[in-house]
Amino acid sequence: MQKKVTKAVFPVAGLGTRFLPATKSIPKEIMTLVDRPLIQYAIDEARAAGIREFIFVTSRGKSALEDYFDHNPELETALRAKGKTELLEELQHTNMDSGAIAYVRQNSPRGLGHAVWCARRMIGDEPFAVLLPDDVIAADKPCLAQMVEAYAETGGNMVATMEVAEDKASSYGVLDIGENMGRVVRAKGMVEKPAKGTAPSNLAVIGRYILTPEVLKHLDKAEIGTGGEIQLTDAIAKETAKGQVYGLRFEGERYDCGSKSGFLQATVAFGLKRPDLRDELHDFLRSLDLSK
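Residues numbered from 1 in each chain as written. Predicted model: local features only at pLDDT ≥ 70, side-chain atom pairs only at ≥ 80, totals over all residues. Heavy atoms only, no water.

- An unreviewed UniProt entry lists the protein chain under the name UTP--glucose-1-phosphate uridylyltransferase, from Falsigemmobacter faecalis.
- UniProt's Catalytic activity (unreviewed entry) comment on the protein chain is quoted here verbatim: "alpha-D-glucose 1-phosphate + UTP + H(+) = UDP-alpha-D-glucose + diphosphate".
- Within the UniProt record for the protein chain, the comment given under Sequence similarities (unreviewed entry) is "Belongs to the UDPGP type 2 family." (UniProt positions renumbered as here; feature names shortened; annotations may be inferred.)

**Quick look at the nonpolar core**
- Of all hydrophobic cores here, the largest spans 40 residues; its most connected members are F10, I39, F54, F56 and L144.
- Mapped by element, the contributors of at least two residues to this core are β1 (7-11), α1 (38-48), β4 (53-58), β6 (128-131), α7 (143-154), β8 (157-163), β11 (203-211) and β12 (245-249).
- Element by element, the count of residues in this core is highest for α7, at six residues.
- Not counting the four nearest positions on each side in its chain, F10 is found in contact with I39, A42, I43, A46, F54, I55, F56, V57 and L131. (Core = buried A, V, L, I, M, F, W, Y, C linked by side-chain atoms within 4.5 Å. Buried < 20%, exposed > 50% of the residue type's maximum accessible area, 1.4 Å probe, protein only. Helix = DSSP H or I, 4+ residues; strand = E, 2+ residues; numbered from the N terminus. Contact = heavy atoms within 4.5 Å.)

**Points about the UniProt feature "domain: Nucleotidyl transferase" (unreviewed entry) in the protein chain**
- Mapped onto this numbering, the UniProt entry annotates "domain: Nucleotidyl transferase" (unreviewed entry) at residues 12-267.
- The straight-line gap between the two end C-alpha atoms of residues 12-267 is 20 Å; of that span, 30% is helix and 26% is strand.

**Section: the pattern of salt bridges**
- For the structure shown, the criterion picks out 14 salt bridges.
- A salt bridge links R186 to E179; the shortest N-O distance between them is 3.2 Å.
- For E179, a relative accessible area of 35% corresponds to the partly exposed category.
- With its nearest N and O atoms 3.0 Å apart, the salt bridge here joins K242 to E239.
- In this structure, a network of salt bridges that share partners links the residues D35, R274 and D276. (Salt bridge = Lys/Arg side-chain N within 4 Å of Asp/Glu carboxyl O.)

**A closer look at the pairing of β12**
- Within β12, four of the five residues are buried, which leaves it mostly tucked inside the rest of the structure.
- Relative to β12, β8 runs parallel, the two being bridged by five bridges. Residue pairing across strands places T161 opposite R249, the latter belonging to β12.
- In this sheet, β12 lies alongside strand β10 (residues 184-192) in antiparallel orientation, the contact comprising three bridges. The residue bridging V184 from the neighbouring strand is L248, located in β12. (Pairing = 2+ DSSP bridges.)

**What about the confidence of the model for the protein chain?**
- Chain-level pLDDT for the protein chain is 90 on average; 99% of the residues reach the 70-or-more range.
- Of all helices and strands in the protein chain, the one with the weakest mean pLDDT is helix α2 (residues 63-68) (84), whereas β6 scores best (97). (pLDDT = per-residue confidence, 0-100.)

**Some remarks on the packing of aromatic side chains**
- Inspection of every chain in the model, using the stated rule, returns eight aromatic pairs.
- With a centroid separation of 5.5 Å and an interplanar angle of 35°, the aromatic rings of F56 and Y103 are classed as tilted. Of this pair, F56 sits in strand β4 while Y103 sits in strand β5 (residues 101-105), and the two are 47 residues apart along the sequence.
- The buried category is assigned to F56, whose relative accessible area is 0%.
- Relative to F69, the ring of Y68 has its centre 5.0 Å away and its plane inclined at 80°; by these criteria the two rings are edge-to-face.
- The partly exposed category is assigned to Y68, whose relative accessible area is 22%.
- Judged by its relative accessible area of 3%, F69 is buried. (Phe/Tyr/Trp six-rings, centres within 6.5 Å; stacked < 30°, edge-to-face > 60°.)

**Focus: the packing of helix α3 (residues 73-81) against helix α4 (residues 85-93)**
- Closest axis-to-axis distance for the α3/α4 pair is 9 Å, and the angle between their directions is 160°. Of the possible angle classes, the one that applies to α3 and α4 is roughly antiparallel. Our pair here, α3 against α4, has a crossing hand that is left-handed. Of α4, the residues touching α3 (which contributes L75, E76, L79 and R80) are L87, L88, L91 and Q92.
- Per-class residue counts for the contact of α3 with α4 are five nonpolar, one polar and two charged. (Axes fitted to C-alpha atoms, helices over the stretch in contact; angles between N-to-C directions. Parallel < 35°, antiparallel > 145°, perpendicular 65-115°, else oblique. Left-handed = near helix turned anticlockwise from the far one by under 90°. Nonpolar A, V, L, I, M, F, W, Y, C, P; charged D, E, K, R; others polar.)

Given below as structure tokens:
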């Protein structure tokens with residue numbers, strides 16, 4: 001029986017330069033899809049998968065993230081006095097219990113692997129999840145919950161995967177498939193951002209991981225990889241020799257909210273799913289003359 005995954009790491013130290021000037025003073029993770037910030041989608045997904053301890057790897061200028069998850073007694077009192085119970089319930093859902101959330105600083109931008117390594121003392125000797133808030137996934141069953149179910153059968157390390165076009169593979173970590181077991185594959189290798197035409201498959205890794213403490217031991221070596229950074233993919237790849245890396249073809253739609261185009265697509269898609277917004281937004285989109 002596998003150990004339960006109850007801890008999750010959220011690497012949120014990035015500068016968000018693709019969204020300047022907005023991110024000059026607002027953390028990218030606080031930017032909203034409709035009326036919920038990106039980080040809330042990631043937290044809700046983690047909660048649904050049984051996560052109870054939330055570890056944020058932050059950097060200078062991210063204090064708004066800490067404020068977002070704190071209680072706001074004045075606002076709660078005002079909503080209660082005005083009888084706005086639905087809004088009050090939504091607000092209270094953003095609160096995190098004392099001791100459930102912790103923050104650790106990444107003092108220099110040295111890559112995703114380094115960011116995860118920064119949380120090593122809080123992770124200890126337990127399996128843990130990693131969620132990248134830039135990847136927002138719309139699914140009937142949350143992506144991480146799907147992974148936890150699959151992990152209970154396989155153990156080891158598990159990454160969420162999706163098929164991508166050949167010309168897009170160079171933007172992702174890509175699995176070298178050793179054994180195809182339907183929705184789950186066993187990897188015999190992983191390559192971070194392979195050169196065009198060299199990808200071992202079209203199965204790309206997106207921002208959801210369940211990892212073993214052994215990955216942290218590989219990260220201890222601080223080996224420099226693609227882009228001059230410490231790559232999480234490289235550390236996970238070292239576990240493929242043991243047959244301990246699996247990919248899950250998750251069910252759902254992934255939006256790359258780290259890009260402006262993906263963020264806009266997600267905003268429209270999530271807006272159309274809202275009963276209070278759907279009709280008006282749909283009418284507006286139909287009225288657009290895209291030929292101009």
